[in-house]
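Structural overview for review
Here is how the chains run, residue by residue.
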Amino acid sequence: MKNFADRKTTIKDHVNYLKSVNKETYNQMMVELAEIGKLAYFTKTLLVFHTKDLRNVHGPVMNIIIKYLGFSEDNFKKNIVPELTKLEAA
């Protein structure tokens, strides 16, 4: 059995952290996803399938993840979910 500390960070971890520290920003992100018609893709694909290849994330969704969750384009090119950095709530 894997140790929890050995578990890789997921997009869902980043989303849950944002939701816990800054609900308003989380809500803005969800509205923006809905406005471009990608909310279902985000919640039913990216947040459910933790092994999803970042290189296949739809471009508009990638831009929102970069904007709200602090990922970089390099994370998507290298297929690496960054470690969750616990920042103070804005």
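Notes on the structure in this doc start here. (Residues numbered from 1 in each chain as written. Predicted model: local features only at pLDDT ≥ 70, side-chain atom pairs only at ≥ 80, totals over all residues. Heavy atoms only, no water.)

It is worth spelling out the side chain of N75 at this point. Relative to the helices and strands, N75 resides in helix α5 (residues 73–78). Exposure remark for N75: the relative accessible area of 13% places this residue in the buried category. In terms of polar contacts, N75 uses its side chain to reach the backbone amide nitrogen of S72, at 2.7 Å. Those residues in contact with N75 that sit more than four places away from it in its chain are L54, I80 and P82. (Helix = DSSP H or I, 4+ residues; strand = E, 2+ residues; numbered from the N terminus. Buried < 20%, exposed > 50% of the residue type's maximum accessible area, 1.4 Å probe, protein only. Polar contact = N/O pair within 3.5 Å; in protein donor to acceptor, adjacent residues only side chain to side chain. Contact = heavy atoms within 4.5 Å.)

Here we come to the packing of helix α2 (residues 23–35) against helix α4 (residues 59–69). Think of two packed helices as two axes; the pair is described by the angle between the axes and how far apart they sit. Close contact between α2 and α4 brings their axes to 11 Å; oriented N to C, the two are set at 170 degrees. Judged by the inter-axis angle, α2 sits roughly antiparallel to α4. Judged by residue contacts, T25, Q28, M29, E32 and L33 of α2 engage V61, I64, K67, Y68 and L69 from α4. A per-class count over the contact of α2 with α4 returns six nonpolar, two polar and two charged. (Axes fitted to C-alpha atoms, helices over the stretch in contact; angles between N-to-C directions. Parallel < 35°, antiparallel > 145°, perpendicular 65-115°, else oblique. Nonpolar A, V, L, I, M, F, W, Y, C, P; charged D, E, K, R; others polar.)

The calculated volume of the second largest pocket comes to roughly 250 Å³. Forming the walls of the second largest pocket are eleven residues, and the residues nearest its centre are K8, T9, H50, N79 and V81. For the lining of the second largest pocket, the class distribution of residues is three nonpolar, five polar and three charged. (1 Å grid on protein atoms, 1.4 Å probe; cavity = no way out; pocket = protein on both sides within 12 Å on 5 of 7 lines; lining within 4 Å. Points joined across faces, edges and corners; volume = space filled by probe spheres on them.)

Before going further, it helps to examine empty space enclosed by the protein. Within the structure shown, the criterion is met by one cavity of 30 Å³ or more. Approximately 50 Å³ is the volume attributed to the largest cavity. T10, I11, L46, F49, H50, K52, L54 and V81 are the residues that line the largest cavity. In the lining of the largest cavity, the residues fall into five nonpolar, two polar and one charged.

Turning our attention to helix α1 (residues 11–21). Where α1 is concerned, the buried positions are I11, D13, H14, V15, Y17 and L18. Lining the buried residues of α1 we find α2, α3 (39–46) and α4.

Buried within α3 are the following residues: Y41, F42 and L46. Down the axis of α3, the smallest arc covering the buried residues is 100 degrees, so these residues share one side. Where α3 is buried, its residues meet α1, α2 and α4. (Arc of directions from axis to C-beta.)

Under the criterion given, the structure shown has three salt bridges. For the salt bridge of K67 with E32, the shortest nitrogen-to-oxygen distance reads 3.1 Å. Taken together, the residues K67 in helix α4 and E32 in helix α2 connect sequence positions 35 residues apart. Accessibility expressed as a relative area gives 53% for K67, which makes it exposed. The partner of R55 in a salt bridge is D53, and the shortest N-O contact between them spans 2.9 Å. The exposure class assigned to R55 is exposed, which follows from its relative accessible area of 52%. (Salt bridge = Lys/Arg side-chain N within 4 Å of Asp/Glu carboxyl O.)

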